[in-house]
Amino acid sequence: MFDIWRSGFIRRPLPSVIDRPPTADEVTWLPDCGPYAYVADPFGMTRDGVLTVFVEAFDYHVRRGEIHYRQYDADDRLIGQGVALTEPWHLSYPTLIEDGGELYMLPEGYKSGGLILYRCVRFPDRWAPAARLGDMAAIDATVVRHDGLWWMFHALAGPDDRAMREMHLAWSETLTGPWTAHAANPVMSGFDVSRPGGTAFVHDGALHLPVQDCRATYGAAVNLLRIETLTPDAFSAAAVKRFEPGDLLAGFGDGFHTLSGHGDVTFIDVKSIRRSAAEPWLKAGFKARRLLGLNGPRGRRATGQAVHPKLFSTSAVCKEG
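Here's what I pulled together on the structure shown here.

What counts as what
- Within each chain, residues carry numbers counting from 1 in the order of the written sequence.
- Per-residue local features of the predicted model are confined to residues with pLDDT of at least 70, and side-chain atom pairs are confined, for both listing and counting, to 80 or more; whole-chain, interface and lining totals are unaffected and use all residues.
- Derived side-chain values reflect all non-hydrogen atoms in the structure, with water molecules and hydrogen atoms excluded from consideration.
- Each helix corresponds to a stretch of at least 4 residues labelled H or I by DSSP, and each strand to a stretch of at least 2 residues labelled E; elements are numbered beginning at the N terminus.
- Here the radius of gyration uses the C-alpha set of atoms, whereas the globule reference equals 2.2 Å times the residue count to the power 0.38.
- Exposure is judged per residue with a 1.4 Å probe applied to protein chains only, and the accessible area is read against the type maximum: over 50% gives exposed, under 20% gives buried, and values in between give partly exposed.
- For this count, His and the chain ends are skipped, Lys and Arg are scored as positive, and Asp and Glu as negative.
- Here the site of a charge means atom NZ of a Lys, CZ of an Arg, CG of an Asp or CD of a Glu.
- One requirement defines pairing of two strands: DSSP has to find at least two bridges between them.
- Note on method: axes are straight lines fitted to C-alpha atoms, helices fitted across the in-contact stretch only, with angles between N-to-C directions ranging 0 to 180 degrees.
- Pairs of N or O atoms within 3.5 Å make up the polar contacts considered here, provided that, within protein, one atom can donate a hydrogen while the other can accept it, and that residues adjacent in sequence are counted only when both atoms are side-chain atoms.
- Only heavy atoms matter for contacts: two residues are in contact if any of them lie within 4.5 Å across the pair.
- Definition used for salt bridges: Asp or Glu carboxyl oxygen within 4 Å of a side-chain nitrogen of Lys or Arg.

### Quick word on the overall build of the protein
Across its full length, the protein carries two helices and 22 strands. Radius of gyration (C-alpha) of the protein: 19 Å, near the 20 Å computed for a compact globule of 321 residues. Dimensions along the principal axes, computed over C-alpha positions, put the protein at roughly 50 × 45 × 45 Å. Counting all 321 residues of the protein, 54% fall into the buried class. The protein carries 34 positive and 38 negative side-chain charges, and their two centres are separated by 8 Å.

Quick look at the structure:
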């Protein structure tokens, strides 16, 4: 068995889905990638009338995620696509952060051994390492500025599916750190409320965070947490809404694990669990390609590939707008 995801977007703001969840007739779906590939973890933004959706692009022949983009005009027509970022390690969850008029991407790449913040050099297809955030290999890190501090919700790798059952939190006065682990870590426990799953946002005066429900299967649904207490020493939150794939897309009722947004657009993805007699052959082909050195990045790697903290530059050249 293997997972296939489809990503899509809705032309209304993220907070609006609390009272009115997405319906099938309002979703524009990104193109199908074929039987053994998918795009997931959609995040995006609109610039100069063009909507750019960044996604994890995964091919089972290579088994390593890359960050790709799709671009749409105001009539939701696909007008451009390409590779935004590749590395020798797996990349996913390309969350976007705006700070001081600059644009950054914070993809999950925990197999690199850390969490790398990338600075936009040329939108949307050129990014440069800007800083290593903290000393942890954070998974699905979701960063938001709230009440004068930066907050990072994330998971950590470990035995017994730790990445799906513990939420960790860190805070900092500046985006590039230093970051301090929360005194109450892990601040949430349980397979239904721990792994971040999208953009943190404020609604009715309270910060809300989408998280994945992984009790039945990885990314089965999204639960929305309303955060009641958020200080460097204390944290409390409660689930207030649940989003399931339902009948959003025929054949994709097995999962829903991203709920993100920017401006007037909300992004989602849904999952289909597939069974295929080709799966053993896909694995064998992957192993053969790996032995031959054919599974490396095929597109644009980050500009300036130094990943040692001392070699990072925080000067930015890609402005908002």
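### Focus: the sheet that holds strand β5 (residues 66–72)
Ordered in space as β3-β4-β5-β6, the four strands form an open sheet in which the pairing is antiparallel. Taken across any chain shown, the strands that pair with only one partner, and hence form the sheet edges, are β3 (37–47) and β6 (78–85). The average undirected angle you get between the axes of adjacent strands in this sheet is 25°. In the sheet, strand β4 (residues 50–59) pairs with β5 via seven bridges, with the strands oriented antiparallel. Looking at β5, one finds that Thr 52 is bridged to Gln 71.

### A word on the side chain of Thr 28
Along the chain, Thr 28 falls in strand β2 (residues 28–29). Separated by 3.4 Å, the side chains of Thr 28 and Asp 76 make a polar contact. In this view, Thr 28 contacts Ser 7, Gly 8, Phe 9, Tyr 72 and Asp 76; residues no more than four positions away in its chain are not counted.

### Quick notes on the side chain of Arg 70
Mapping Arg 70 onto the fold places it in strand β5. Glu 66 provides the closest opposite charge to the buried, unpaired Arg 70, separated from it by 9.1 Å. Engagement of the side chain of Arg 70 in a polar contact is seen with the side chain of Gln 81, the distance being 3.4 Å. Aside from chain neighbours lying at most four places away, what touches Arg 70 is Leu 30, Val 39, Leu 51, Thr 52, Val 53, Leu 78, Gly 80, Gln 81 and Gly 82.

### A closer look at the environment of Ala 84
Along the polypeptide, Ala 84 turns up in strand β6. Since its relative accessible area comes to 1%, Ala 84 is described here as buried. A sequence separation of 38 residues divides Ala 84 from Arg 122, and the C-alpha atoms of the two residues are 9.8 Å apart.

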